[in-house]
Amino acid sequence: MKLFDWIKKKKEIPQQTSSSVSETTAFSFEAQQPEQTQQSSPTQQSQTQQEHDAAIRLYACRKDTSVIASVFEKAFAEQLTKIDFLNNNEFVMTLTDDTFVQARITSNPQESMAQAYHIANFFNKAPLKNKILKENILQQMKLFNCIVTLKFVINSDEKRTDFIIQNVYTVAKALTAFVLVPTMELFHYDGRLLIDAEGNSAFDTFSPIASADFLDYGKNPSPSDIARKEKSIAVLKEKKIPYLEKLPSTALEADTTLQQKEDIIKRLIATYATCIQSEIYTNENYKEPQKKMEEQMAILEEKYHVSQYFSPQEKHYIEHPPIEQPQLFHSYGWRYECCAVFLWALSLLELKEPNEICEALQLGNIIWNHNFESLLEAAKLRSKEEILDLQDLTLRYDWACVDARIHDKTIDALDFGVIYERHYALNWLLNVDGISDWDNIVTNT
């Protein structure tokens, strides 16, 4: 597959119905424009044949996205008139022929992860005969955490098109990024085809790669960080759980701070209240769930002043029970697992095995039989080192769960829901990535 073959292929694709283009355009910058209903003139038809929109995406593994715009500016300098920033994540480059290249950067963890898993799911269906090669390519996709979407017009000026495409690859090389073109072919930054939907690849072997700032998160892990990762991998090997050797530790000792004991209790009680609401509204035994919840809240308010601790999302959930969206009740119900982690961190509970859900009754026996002052006195905060150990192991458990979902597999040693909630709670406990806002905790895997 030559570097620009996709352009010729795209020109040759016949008009398709909306039902048949869903996969091939799944990653386009925006929806296709509707067809013109009026008869076009020969001149208009000729122009339409010569010009069409193109959308390319660069997929990278990097923590620092601040350099991306400057990398584009340098690569396109020869034909660049100006660069305009629409916001922190979008900019437009004006070329000397007065045409534009629009760029949008996606680094939000939830969105970028969803897109990365989307393409991993898509290419998992590709009939690539070399299973080891395919697995390594899928592993690469699951590392992607930064996406740059480019939109521009391809016209009859082939030199201009070549200039744009060549410099897209210049940028890709600088960012250690992979290039996804509209025909659903993923290219290495050196221009070779990594994989397409038909299972073709220019590679015989491939190892997942990432830029240095992604692999070490911009910091050098300490000997204790390295030892922690090695200890986690030893556990995974013993339990025969899949793991990614290059997956970096996300919580380095020097970059994390442990939450205070008082704040952990506040977070525990707020989270527990949302779980209680979930249980009450999904339990058919409660004929008047609102009244029952008000009773429970009154007790928690008296014992813990719970109303002061809710995050914005929790406050809205408590005040406006999502009766029309019962799935939200179930989502909050899973957060009993977060409560278990908080009680473990306070040395008031031992965690079950990672494939077992916690016992809500056991959590309740602790919370209902205390008030804020007595719970504070009974609690003994575990060491930061012990919490870091569990966070690193849970990070790798979570990666294994995500990997299994992509391949439609299960892992007997892990409950996927339990692991996700533990990961979320542990990242909050350690302020991973400097984030302490409960509604915006990130669980990168």
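Residues numbered from 1 in each chain as written. Predicted model: local features only at pLDDT ≥ 70, side-chain atom pairs only at ≥ 80, totals over all residues. Heavy atoms only, no water.

(A) Geometry of the overall build of the protein. Looking only at helices and strands, the protein has 17 helices and eight strands in total. A burial count over the protein gives 49% of its 445 residues as buried. Here the contacts in the protein between residues at least 6 apart in sequence split such that 72% fall between residues at least 24 apart. By element, 48% of the accessible surface of the protein is carried by carbon and sulfur atoms, the whole surface being about 22400 Å². (Helix = DSSP H or I, 4+ residues; strand = E, 2+ residues; numbered from the N terminus. Buried < 20%, exposed > 50% of the residue type's maximum accessible area, 1.4 Å probe, protein only. Contact = heavy atoms within 4.5 Å. Areas by Shrake-Rupley, 256 points an atom, 1.4 Å probe, with all protein chains shown as cover.)

(B) Structural view of the packing of helix H9 (residues 261-282) against helix H10 (residues 289-304). Axis separation between H9 and H10 bottoms out at 9 Å; the angle between their running directions is 160°. Put simply, H9 runs roughly antiparallel to H10. Considering how the two elements wind past one another, H9 and H10 form a crossing that is right-handed. Packed against H9, whose contacting residues are Ile269, Ala273, Ile276, Gln277, Ile280 and Tyr281, the element H10 presents Pro289, Gln290, Lys292, Met293, Gln296, Met297, Leu300 and Tyr304 at the interface. Partitioning the contact of H9 with H10 into residue classes produces ten nonpolar, three polar and one charged. (Axes fitted to C-alpha atoms, helices over the stretch in contact; angles between N-to-C directions. Parallel < 35°, antiparallel > 145°, perpendicular 65-115°, else oblique. Left-handed = near helix turned anticlockwise from the far one by under 90°. Nonpolar A, V, L, I, M, F, W, Y, C, P; charged D, E, K, R; others polar.)

(C) Up close: the packing of aromatic side chains. In the structure shown here, the tally under the stated rule is 22 aromatic pairs. Look at Phe72 and Phe91: their rings are 5.7 Å apart centre to centre, the planes differ by 65°, and that puts the pair in the edge-to-face class. Of this pair, Phe72 sits in helix H3 (residues 68-75) while Phe91 sits in strand S3 (residues 90-95), and the two are 19 residues apart along the sequence. Using a relative accessible area of 0% as the deciding quantity, one classes Phe72 as buried. On the accessibility criterion, Phe91 (2% relative accessible area) is buried. (Phe/Tyr/Trp six-rings, centres within 6.5 Å; stacked < 30°, edge-to-face > 60°.)

(D) Structural detail: H9. Helix length check: H9 (22 residues) gives 32 Å between terminal C-alpha atoms against 32 Å at 1.5 Å per residue, within 8%. H9 sits mainly inside the fold: 16 of its 22 residues count as buried. (Expected span 1.5 Å × (residues − 1).)

(E) Representation of the pattern of salt bridges. Within this structure, the stated rule accounts for 13 salt bridges. Across the pair Lys231 and Asp389 runs a salt bridge whose closest N-O atoms are separated by 3.0 Å. Highlighted residues: Lys231 in helix H8 (residues 223-238) and Asp389 in helix H16 (residues 384-406), separated in sequence by 158 residues. Residue classification places Lys231 among the partly exposed positions, given a relative accessible area of 46%. (Salt bridge = Lys/Arg side-chain N within 4 Å of Asp/Glu carboxyl O.)

(F) Broad picture of the pairing of strand S4 (residues 100-106). Sheet analysis places S3 next to S4, joined by five bridges and oriented antiparallel. Its bridge partner lying in S4, Val92 is registered against Gln102. Hairpin remark: S3 followed by S4, antiparallel, with four residues in the connecting loop; positive phi at Asp98, about 65°. Bridge count for S4 against strand S5 (residues 146-154) is six bridges, and the pairing is antiparallel. Among the inter-strand pairings, Thr106 is bridged to a residue of S5, identified as Ile147. (Pairing = 2+ DSSP bridges.)

(G) A look at the pairing of S3. Within S3, five of the six residues are buried, which leaves it mostly tucked inside the rest of the structure. The antiparallel hairpin formed by strand S2 (residues 80-87) and S3 contains two residues in its connecting segment.

(H) Structural context of the side chain of His188. Inspection of the secondary structure puts His188 in the loop between strand S7 (185-187) and strand S8 (193-196). Apart from residues no more than four positions distant in its own chain, His188 is found in contact with Tyr169, Phe178, Leu194, Phe203, Phe206 and Ile209.

(I) The arrangement of the nonpolar core in detail. Of all hydrophobic cores here, the largest spans 54 residues; its most connected members are Leu268, Ile269, Phe342, Leu363, Ile387 and Leu429. With eleven residues, the single largest contributor to this core is H9. Residues in contact with Phe342, not counting those within four places in the same chain, are Ile264, Arg267, Leu268, Thr271, Ala425, Trp428, Leu429 and Trp438. Listed in part, the 39 residues of the second largest apolar core include Leu133, Leu143, Ile147 and Leu244. (Core = buried A, V, L, I, M, F, W, Y, C linked by side-chain atoms within 4.5 Å.)

(J) Examining the environment of Phe72 more closely. In this structure the C-alpha to C-alpha distance between Phe72 and Thr170, which are 98 residues apart in sequence, comes to 8.7 Å. Those residues in contact with Phe72, other than ones at most four positions away along the chain, are Leu58, Phe91, Met93, Val148, Leu150 and Val171.

(K) Expanded view of unusual backbone geometry. At Thr176, a residue that is not glycine, the phi angle is positive and equals roughly 50°. Locating Thr176 in the fold gives a position in the loop between helix H6 (158-175) and strand S6 (178-181). On the basis of relative accessible area, Thr176 is assigned to the buried category, the value being 18%. Backbone geometry places Ser347, a non-glycine residue, at a positive phi of 60°. If you trace the backbone, Ser347 turns up in the loop between helix H13 (336-345) and helix H14 (360-368).

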